[in-house]
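Now for the letters of each chain:
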Amino acid sequence: MRLHLIDGTFELFRAHYAPRPSHFASDGRDLKATVGVVRSLLALLRDKDEAVTHLAVAFDNPITSFRNKLFEGYKTDDGIDPILRSQFDEVELAVTAAGITVWRMTDFEADDALATAASKWVNAPDVEQVRILTPDKDLGQVLSGNKVVQVDRVRKREITEATLRTEKNIAPESIPDFLALVGDTADGIPGLAGWGEKSASAVLSVYPHLENIPADVSKWQVKPRGAAKLSEVLELRRHEARLYRTLATLRRDAPLQESLDDLRWRGVTKDFAAWCARAGIEVPGMRK
């Protein structure tokens, strides 16, 4: 069987900014994003090609974690549309009512939960493949052959270790180093000045980790454009680069209490009809 792990926070943001009109519940709240997530997940459960049997959805609630204590500039809830922010609790209630396991991350992040689950169950006897549903480049570090893959539902593409190596010429283990050098604006990681994707990929293809990159640029076996300046910046800011790598490194020890069998979808719960009524939508005919 396939294990489907879903980035619920990404799905919530995607639904909120989708080109659809607002959806107001019976109490006047705008639940466009929450309803969008529920409909997206039910569509996934109906997708015969995906053949979903076991799944879980991870949410950041709030969008802060232990990483904010390490770096002041790391992402926070600041600037989030209040209508979207007001649905963080509601979407968890809705997805739980739909009979799907929900992981609320507080000190950890949703990506940590996905990485933990993938590592925890990738070698389980019944698991043929772990499918991580998010385009987030952080999750590239979890890819493993055809056993752990990412699914970008927006672009309708599958990302494997092979496609990562083809597109970026680096191994999954180098993704945190890559993000440390080039930065990640979505997470508030600034990266190092002058380092871009091409230069970082070229260097990390030969030296997989920051520690492997020689301090003396004359000893580099690969010379991307502006190598001397890149080396200078790296030597001046190695300490910062290591911190950025820590921020970009997903944890594999998030507190997930469920067993693999707990993730089996057994149909919507008895609370789902009541939630649909409050949300002002018809109850989809979803049974296993």
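Small disclaimer: the values here were computed from a predicted structure and weren't measured.

What the chain contains, in helices and strands, is 12 helices and 6 strands. For a compact globule of 288 residues, the expected C-alpha radius of gyration is about 19 Å, and the chain comes in at 21 Å, within 12% of that figure. Each principal axis of the C-alpha distribution contributes one length, and for the chain these read about 70 × 45 × 35 Å. Restricting the contact set of the chain to residue pairs at least 6 apart, pairs at least 24 apart contribute 66%. Accessible area of the chain: about 13,500 Å², with a carbon and sulfur share of 51%.

Bringing the pattern of salt bridges into the picture now. Pairs may arise between side chains of opposite charge once their charged atoms sit close together. If you walk through the whole model with that rule in mind, you get 26 salt bridges. Taking the shortest distance from any N to any O, the salt bridge between R165 and E161 comes out at 2.9 Å. Linking R165 with E161, this pair stays in helix α7 (residues 161-168), spanning 4 residues, or about one helical turn. Accessibility expressed as a relative area gives 18% for E161, which makes it buried. Close ionic contact of D261 with R266 constitutes a salt bridge, the shortest N to O distance being 3.0 Å. For D261, a relative accessible area of 40% puts it in the partly exposed group. Bridged by salt links that share partners, the residues R67, K75, E109, D112 and D187 form one connected network.

Let us now look at the side chain of K75. Mapped onto the fold, K75 is located in the loop between α3 (67-70) and α4 (82-85). The exposure class assigned to K75 is buried, which follows from its relative accessible area of 19%. A distance of 3.1 Å separates the side chain of K75 from the side chain of E109, its partner in a polar contact. Here K75 is in contact with I63, N68, E109, A186 and D187, once residues within four sequence places are set aside.

Counted under the stated rule, the structure contains 4 aromatic pairs. Seen from their ring centres, F66 and F108 are 5.9 Å apart, and the 65 degrees between their planes marks the pair as edge-to-face. In this pair, F66 is assigned in the loop between β2 (54-60) and α3 and F108 in the loop between β3 (101-105) and α6 (110-121), connecting sequence segments 42 residues apart. Residues F66 and F108 agree in their burial class; the two are buried. Summarising the aromatic geometry, the rings of F71 and Y244 are spaced 5.7 Å apart at their centres and angled 70 degrees between planes, so their arrangement reads as edge-to-face. One end of the pair, F71, is in the loop between α3 and α4; the other, Y244, is in helix α11 (residues 238-248), with 173 residues separating them in the sequence. The residues F71 and Y244 share a single accessibility class, namely buried. Seen from the ring of F66, R251 lies directly overhead, with NZ or CZ sitting 4.9 Å from the centre.

Turning our eyes to something else, we now look at the nonpolar core. Within the largest apolar cluster, 37 residues are counted, with the highest numbers of intra-cluster contacts made by V95, I100, F272 and W275. At the level of secondary structure, the elements contributing two or more residues to this core comprise α1 (8-16), α2 (32-46), β2, α5 (88-97) and α12 (272-279). A per-element tally of this core places α2 first, with 8 residues.

Calculation notes
- Residues numbered from 1 in each chain as written.
- Predicted model: local features only at pLDDT ≥ 70, side-chain atom pairs only at ≥ 80, totals over all residues.
- Heavy atoms only, no water.
- Helix = DSSP H or I, 4+ residues; strand = E, 2+ residues; numbered from the N terminus.
- Rg over C-alpha atoms; globule rule 2.2 N^0.38 Å.
- Contact = heavy atoms within 4.5 Å.
- Areas by Shrake-Rupley, 256 points an atom, 1.4 Å probe, with all protein chains shown as cover.
- Salt bridge = Lys/Arg side-chain N within 4 Å of Asp/Glu carboxyl O.
- Buried < 20%, exposed > 50% of the residue type's maximum accessible area, 1.4 Å probe, protein only.
- Polar contact = N/O pair within 3.5 Å; in protein donor to acceptor, adjacent residues only side chain to side chain.
- Phe/Tyr/Trp six-rings, centres within 6.5 Å; stacked < 30°, edge-to-face > 60°.
- Lys NZ or Arg CZ within 6 Å of the ring centre and 35° of its normal.
- Core = buried A, V, L, I, M, F, W, Y, C linked by side-chain atoms within 4.5 Å.

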